[in-house]
Amino acid sequence: MNTFGVRLKFTSFGESHGKAIGVVLDGMPSCVKFDEEFLQNELAKRKGGSKFATPRKENDEAEILSGVFDGFTTGQPIAMIFRNENTRSKDYAEVKNLFRPSHADFTYFKKYGIRDYRGGGRSSARESVARVAAGAVAAMLLKEFDIEVSSGVFGVGECVSPLQNSEFDFEFANKSEIFCLDKNLEEAFKEEISKAKKEKDSVGAAVFTRVSGVMAGLGEVLYDKLDSKLAHALMGINAVKAVEIGSGINSSQKRGSQNNDLMQNGKFLSNHSGGILGGISNGDLIELKSYFKPTPSIFLTQQSMNEKGENVLCELKGRHDPCVGIRGSVVANAMVRLVLADALLLNASANLNHLKKIYSKA
């Protein structure tokens with residue numbers, strides 16, 4: 001599917017080496033102040049070009065086609081496109097008939113019988129520019145309710161921060177070239193990435209996302225729980241292979257007496273649940289961890305097959321991230337924003353009292 005969301009929906013289109021990547025965001029309320037500078041700043045975080053990311057540099061300047069007038073949203077679909085200006089399709093000529101190991105080449109071909117081999121086409125992480133743009137607009141709505149989403153990197157390869165969730169430093173991460181949440185490990189993280197890059201290899205990463213200011217009551221029960229929607233959103237990001245909410249896998253190693261979040265004096269005494277109970281936000285911090293596999297595009301010779309099923313050797317060229325999780329943290333932030341903005345709008349009609357407030361004659 002190319003569309004995400006229920007009340008607030010976004011649809012992306014375009015390929016890595018096509019003319020442009022685009023997004024249509026539908027369901028955004030009118031009269032939300034549209035901060036174009038904030039939008040461009042968010043897009044800049046995702047850009048390549050540094051020694052810790054892909055050398056491919058795109059301007060990623062949002063061309064806003066509709067849905068905004070005089071600095072405010074109009075309530076109509078917001079359409080944006082991002083021109084692909086720095087493609088090098090020739091880098092993929094030698095692999096057009098073979099499947100790159102651990103890429104979507106094989107599965108896309110088996111499903112559709114055709115594939116765009118130039119940089120992975122639609123399956124490329126280049127598409128995530130649309131998600132970041134949509135997430136930035138969602139953040140403009142969340143800001144009206146003082147809801148803030150922050151993400152950063154707490155692990156690269158086997159080097160993982162020992163800090164507790166509450167100790168992660170988002171202020172430092174905002175200044176860090178690799179969005180590092182632990183200032184004591186920034187150089188170690190960089191060394192891990194640089195070492196993998198020098199050896200023509202890649203390395204995985206772990207991302208932490210925190211949401212503050214969320215009121216209790218957001219989320220749909222049973223089959224569309226807030227935690228399941230968040231996991232769905234994060235698992236849908238290229239290279240994410242696992243997601244944890246709250247204490248995550250550590251909860252499976254505890255007893256109920258250790259894992260329960262007790263309450264006293266109007267607040268929770270712990271947050272093992274990650275701010276969500278029964279699929280609904282409980283008013284505490286929402287805390288999430290997502291784990292990115294190493295970028296499958298590496299420059300070592302690897303065994304593979306071609307479209308005829310013959311054994312071949314794969315030798316890649318092109319420009320690739322040595323650690324996709326670094327820029328992936330920006331995408332994770334965007335997807336969480338979209339889920340929460342959607343939940344906020346859905347919750348407006350969940351209770352008769354909410355509707356009466358909206359339609360009160362007073």
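Numbers given for residues are sequential positions, taken from 1 along each chain in its written order. This being a predicted model, a pLDDT of at least 70 is required before a residue's local features are given, and a value of 80 or more before pairs of side-chain atoms are given or counted; all residues contribute to the totals for chains, interfaces and linings. The basis for the side-chain values is all heavy atoms of the structure; hydrogens and waters are excluded.

Before we move on, can you summarise the layout of surface pockets with the specific residues and values?
Estimated volume of the second largest pocket: approximately 550 Å³. Going through the elements one at a time, helix H1 (36-46), helix H3 (128-143), strand S8 (148-156), helix H4 (170-175) and helix H8 (324-347) are the ones with two or more residues in the lining of the second largest pocket. Throughout this entry, Asp, Glu, Lys and Arg are counted as charged residues, while Ala, Val, Leu, Ile, Met, Phe, Trp, Tyr, Cys and Pro are counted as nonpolar. The remaining residues, Gly among them, count as polar. Class assignment for the residues of the lining of the second largest pocket results in 10 nonpolar, 5 polar and 8 charged. Only protein atoms enter the calculation, which uses a 1 Å grid: trapped sets of points that fit a 1.4 Å probe without letting it out are cavities, open sets showing protein on both sides within 12 Å along at least five of seven lines are pockets, and any residue with an atom within 4 Å of a point is a lining residue. Grid points are joined across faces, edges and corners, and a volume is the space filled by probe spheres set on the points. A run of H or I in DSSP counts as a helix once it spans at least four residues, and a run of E counts as a strand once it spans at least two, with each numbered from the N terminus.

Tell me about the nonpolar core, and please be specific about residues and values.
In terms of nonpolar packing, the biggest core is built from 72 residues, with Leu25, Leu39, Met80, Ile286 and Leu340 touching the most fellow members. Broken down by element, the residue count for this core peaks at 15 residues, all from H8. Any two residues whose heavy atoms approach within 4.5 Å are treated as being in contact. Residues contacting methionine 80, with those up to four places away along its chain left out, are Ile21, Gly22, Val23, Leu39, Ala62, Glu63, Ile64, Ala133 and Val137. We call a set of buried residues a nonpolar core when its members are Ala, Val, Leu, Ile, Met, Phe, Trp, Tyr or Cys and they connect through side-chain atoms within 4.5 Å of each other. Residue exposure (1.4 Å probe, protein chains only): buried if accessible area is under 20% of the type maximum, exposed if over 50%, otherwise partly exposed. Counting residues in hydrophobic clusters, the runner-up holds 7 residues, among them Phe168, Phe170, Ala206 and Phe208.

Before we move on, could you go through the pairing of strand S16 (residues 286-292) and cite the residues and values that matter?
With respect to burial, S16 is a largely interior element, 6 of its 7 residues being buried. Across 5 bridges, the pairing between strand S11 (residues 240-245) and S16 is antiparallel. Bridge pairing links isoleucine 245 to leucine 288 in S16. Note: two strands are recorded as paired if DSSP finds a minimum of 2 bridges between them.

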